[in-house]
Amino acid sequence: MQINSFTLNSLLETHDLPFIIVNAAQQIVGVNRAWENHFGQTRESILGNACCNNPGDCRHRRFFQTLEPYAGLFSDTLDEREYLLKVRGYPLLDTDGTLYLGESVLTAGASEPQDKSPKMVGTSSAFINLKSNLQKAAQSNVPVMLNGETGTGKELAAEFIHRQSQNADGEFVIVDCTVLGEDLFESELFGHEKGSFTGAASAKKGLFELADGGTLFLDEVGELPVSLQPKLLRALESGQFRRVGGTTSLTSTVRVVTATHRNLGEMVRNGLFREDLFYRLSVFPLEIPALRDRIEDMPALVGHFLKSFGQRDCCVYSTTKAAMQKLMQHKWPGNIRELKNCLQLATCLCKNHTIDELDISIMRRQGATLKPGMIERRGQGAVIEDTGASNINPLDTIEAEFIRSLIKKYQGNRKLIASEMNISERTLYRKLNRLNIN
């Protein structure tokens, strides 16, 4: 017996670790190539077998009774040999609504493969389709444009393309277009020579030069002023540029990936973005799905973030079933970034490293019990009301509160705060200004 679903079969080979899929009858219905290589068994000899050799204490049966993800060390007998296994199991939902259990397995003491690719997590059909398209984009060398809402992980997707491409040995250079004004544009992108302007005490390489042989990621390219767009277009088309104050033409061969949350087609029609630059950048357009469109990935995403926070805090975090239900019912307008911030705050609020539904502070939809601007907090009926202007985004209230907790934790050390938030110090500085935090 094996699964016939294209979605789940495609999922199997996206895992680097040995991975199996188990049905509700506790039979193995899917095995990946990493399992065959790790345990020396063929999938033909495994498919249709009972899930494990512990009928009296079967973790798989418990899963289908509780539907709760699990992780830990388990003893199993495989091919008449006993193994101590490091296991992580979580639910998989097929396109027809059938529930399966997905389980990654590694023998205790074995090291996990060191993959340079950024960690992309998900099991939904939307995620599998995205990852397949990202791999196709990586194998080409044409410019890629990533479209998607704020917080969907466009920078992570761009780095994934870089790590899977022929330019992987080169640099992955990020250009934040939201901070490039007239005075900074040429110096930042193309560099400058010593003495070319006041304060230029030494020569400096620009980001184009640093990205030579690698990937240049233009983040939020829709924010680039129209006056600067011709300069970018010339450099992209010719690959040539000059440092500010320089007389020699330099050449840089880069792979270009851009990202935006704006509708650039509409901006072109309104004269806010050059049509020739738009077509130059969007040869391979890709849409990054919003979290609400891949809500089946919630258990895997929550498990990934809690594992990361647990490694940081030297503990193991978990969620109750009620907490997971609350997470899956929210629409997540801030997408994965909002989810991560929500879970980080929950780890600070929870007791005994177990997150329950009252530890989860999220913005309620308009028309719900709480009005926009009121944030649910731990405790029966306890809320925090936003007393600022009516146009304040309640998500900003949550983010500001979390950042203040990190400021207190790290005594204002921006480097440590940015590291825990997994953002650059530059991005942290912008957040502090936007949220009016000292």
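As recorded in an unreviewed UniProt entry, the protein goes by the name Transcriptional Regulator, Fis family, listed as coming from Methylotuvimicrobium alcaliphilum.

K.L.:
Please explain the overall build of the protein as it appears in this structure.
P.N.:
For the protein, the helix and strand inventory stands at 16 helices and 18 strands. In the protein, which comprises 438 residues, the share counted as buried stands at 47%. Looking at the protein as shown, the accessible area adds up to about 22,100 Å², and 47% of this sits on carbon and sulfur atoms.

K.L.:
Can you walk me through the environment of Val-173 in this structure?
P.N.:
Positionally, Val-173 belongs in strand S7 (residues 172-176). In this structure Val-173 comes out as buried when scored by relative accessible area, which is 9%. Along the backbone, Val-173 and Asp-212 are 39 residues apart, and their C-alpha atoms lie at a distance of 9.5 Å.

K.L.:
Is there a simple way to explain the sheet that holds strand S10 (residues 215-219) in this structure?
P.N.:
One key point about sheets: their strands pair by backbone hydrogen bonds, in either a parallel or an antiparallel sense. With parallel pairing, the five strands of this open sheet are ordered in space as S7-S10-S13-S6-S14. Among the strands making up the open sheet, the edge pair consists of S7 and strand S14 (284-287). Sheet twist, expressed as the mean angle between neighbouring strand axes with direction ignored, is 20 degrees. Sheet topology places S7 next to S10; five bridges connect them, and they run parallel. When the sheet's bridge partners are listed, Phe-172 is paired in S10 with Thr-215.

K.L.:
What should I look at first to understand the pattern of salt bridges in this one?
P.N.:
Once the charged atoms of two side chains with opposite charge are near each other, the side chains can pair. On inspection of all chains with the given rule, the structure shows 11 salt bridges. Of the charged contacts in the structure, one is a salt bridge between Glu-36 and Arg-43, with a shortest N-O distance of 3.1 Å. Residue Glu-36 is classed as buried on the basis of its relative accessible area of 18%. Where Glu-159 meets Arg-163, a salt bridge forms, and the shortest distance between an N and an O atom there is 3.5 Å. Of the two residues, Glu-159 and Arg-163 both sit in helix H5 (residues 154-164), four residues apart, roughly one turn of that helix. By relative accessible area, Glu-159 is classed as partly exposed at 21%. The exposure class assigned to Arg-163 is partly exposed, which follows from its relative accessible area of 28%. Through salt bridges with shared partners, one network takes in Glu-193, Glu-209 and Arg-243.

K.L.:
What am I meant to see in helix H13 (residues 335-349) here?
P.N.:
An α-helical turn contains 3.6 residues, so a residue and the one three or four places further along point in the same direction. Between its first and last C-alpha atoms H13 spans 21 Å; for 15 residues at 1.5 Å apiece the expected length is 21 Å, and the two agree. A large share of H13 lies buried, amounting to 12 of its 15 residues. Buried within H13 are the following residues: Asn-335, Ile-336, Glu-338, Leu-339, Lys-340, Asn-341, Cys-342, Leu-343, Gln-344, Leu-345, Ala-346 and Thr-347.

K.L.:
What is the right way to read the side chain of Lys-431 from this model?
P.N.:
With respect to the helices and strands, Lys-431 occurs in helix H16 (residues 425-434). Here Lys-431 is in contact with Arg-337, Glu-399, Ile-403, Met-421 and Ile-423, once residues within four sequence places are set aside.

K.L.:
Would you mind going over the confidence of the model for the protein with me for this structure?
P.N.:
When pLDDT drops low, the exact placement of atoms in the prediction is not to be read closely. Across the protein, the average pLDDT comes to 81, with 84% of residues at 70 or higher. Residue range residues 364-392 is modelled with pLDDT below 50. Its contacts to residues more than four positions away, or to other chains, number 49 contacts.

K.L.:
I would appreciate a short explanation of the environment of Leu-130 in the present structure.
P.N.:
One can find Leu-130 in helix H4 (residues 125-139). Residue classification places Leu-130 among the buried residues on the basis of a relative accessible area of 5%. A C-alpha to C-alpha distance of 7.1 Å links Leu-130 and Ile-288, two positions 158 residues apart in sequence.

K.L.:
Help me out: how do you make sense of unusual backbone geometry in this one?
P.N.:
With the exception of glycine, the majority of residues adopt a negative phi angle, and the majority of peptide bonds are in the trans configuration. Located in the positive-phi region is Gln-26, a residue other than glycine, with phi close to 60 degrees. On the secondary structure map, Gln-26 appears in the loop between strand S1 (19-22) and strand S2 (28-31).

K.L.:
What exactly am I supposed to notice about the nonpolar core here?
P.N.:
With 29 residues, the main nonpolar core has Phe-208, Leu-216, Leu-218, Leu-232 and Leu-281 as its most contacted residues. Elements supplying a minimum of two residues to this core: S7, helix H6 (185-190), helix H7 (207-210), S10, helix H8 (229-238), helix H9 (264-269) and helix H10 (275-281). In terms of residues, this core owes the most to one element, H8, which gives four residues. Phe-309, Leu-327, Cys-350 and Ile-362 belong to the second-largest nonpolar core, a separate cluster that totals 25 residues.

K.L.:
Explain the packing of aromatic side chains here, please?
P.N.:
The description of an aromatic ring pair uses the distance of the two centres, along with the angle that the planes make with each other. Tallied over the full model, the rule gives 10 aromatic pairs. Among the aromatic side chains, those forming a connected cluster through ring pairs are Phe-185, Phe-190, Phe-208 and Phe-241.

K.L.:
I would appreciate a short explanation of the environment of Glu-149 in the present structure.
P.N.:
Here Glu-149 shows up in the loop between strand S6 (144-147) and H5. Residue class for Glu-149 comes out partly exposed when judged on its relative accessible area of 29%. For the pair formed by Glu-149 and Gly-334, sequence separation is 185 residues and the distance between their alpha carbons is 8.1 Å. Here Glu-149 is in contact with Lys-154, His-261, Ala-290, Arg-292, Pro-333 and Asn-335, once residues within four sequence places are set aside.

K.L.:
Can you walk me through the sheet that holds strand S4 (residues 81-93) in this structure?
P.N.:
Pairing in this open sheet of five strands is antiparallel, and the strands run S2-S1-S5-S4-S3 from one edge to the other. With one partner strand each, in any of the chains shown, S2 and strand S3 (70-78) form the two edges of the open sheet. Taken pair by pair, the neighbouring strands of this sheet meet at an average axis angle of 35 degrees, ignoring direction. In the sheet, S4 pairs with strand S5 (residues 99-107) via nine bridges, with the strands oriented antiparallel. Bridge pairing links Pro-91 to Leu-101 in S5. Here helix H3 (residues 59-66) sits on the sheet in contact with S1, S3, S4 and S5, set at roughly 145 degrees to S5.

K.L.:
Help me out: how do you make sense of the side chain of Arg-255 in this one?
P.N.:
Residue position: Arg-255 is located in strand S13 (residues 255-260). Despite its burial, Arg-255 remains without a salt bridge, the nearest opposite charge being carried by Asp-212 at 14 Å. Leave out the neighbours within four places in its chain, and Arg-255 touches Ala-137, Ala-138, Ser-140, Asn-141, Val-142, Val-144, Ile-161, Ser-165, Asn-167, Gly-214, Thr-215 and Leu-216.

What counts and how
- Residues numbered from 1 in each chain as written.
- Predicted model: local features only at pLDDT ≥ 70, side-chain atom pairs only at ≥ 80, totals over all residues.
- Heavy atoms only, no water.
- Helix = DSSP H or I, 4+ residues; strand = E, 2+ residues; numbered from the N terminus.
- Buried < 20%, exposed > 50% of the residue type's maximum accessible area, 1.4 Å probe, protein only.
- Areas by Shrake-Rupley, 256 points an atom, 1.4 Å probe, with all protein chains shown as cover.
- Pairing = 2+ DSSP bridges.
- Axes fitted to C-alpha atoms, helices over the stretch in contact; angles between N-to-C directions.
- Salt bridge = Lys/Arg side-chain N within 4 Å of Asp/Glu carboxyl O.
- Expected span 1.5 Å × (residues − 1).
- Contact = heavy atoms within 4.5 Å.
- pLDDT = per-residue confidence, 0-100.
- Core = buried A, V, L, I, M, F, W, Y, C linked by side-chain atoms within 4.5 Å.
- Phe/Tyr/Trp six-rings, centres within 6.5 Å; stacked < 30°, edge-to-face > 60°.
- Lys, Arg positive; Asp, Glu negative; His and termini not counted.

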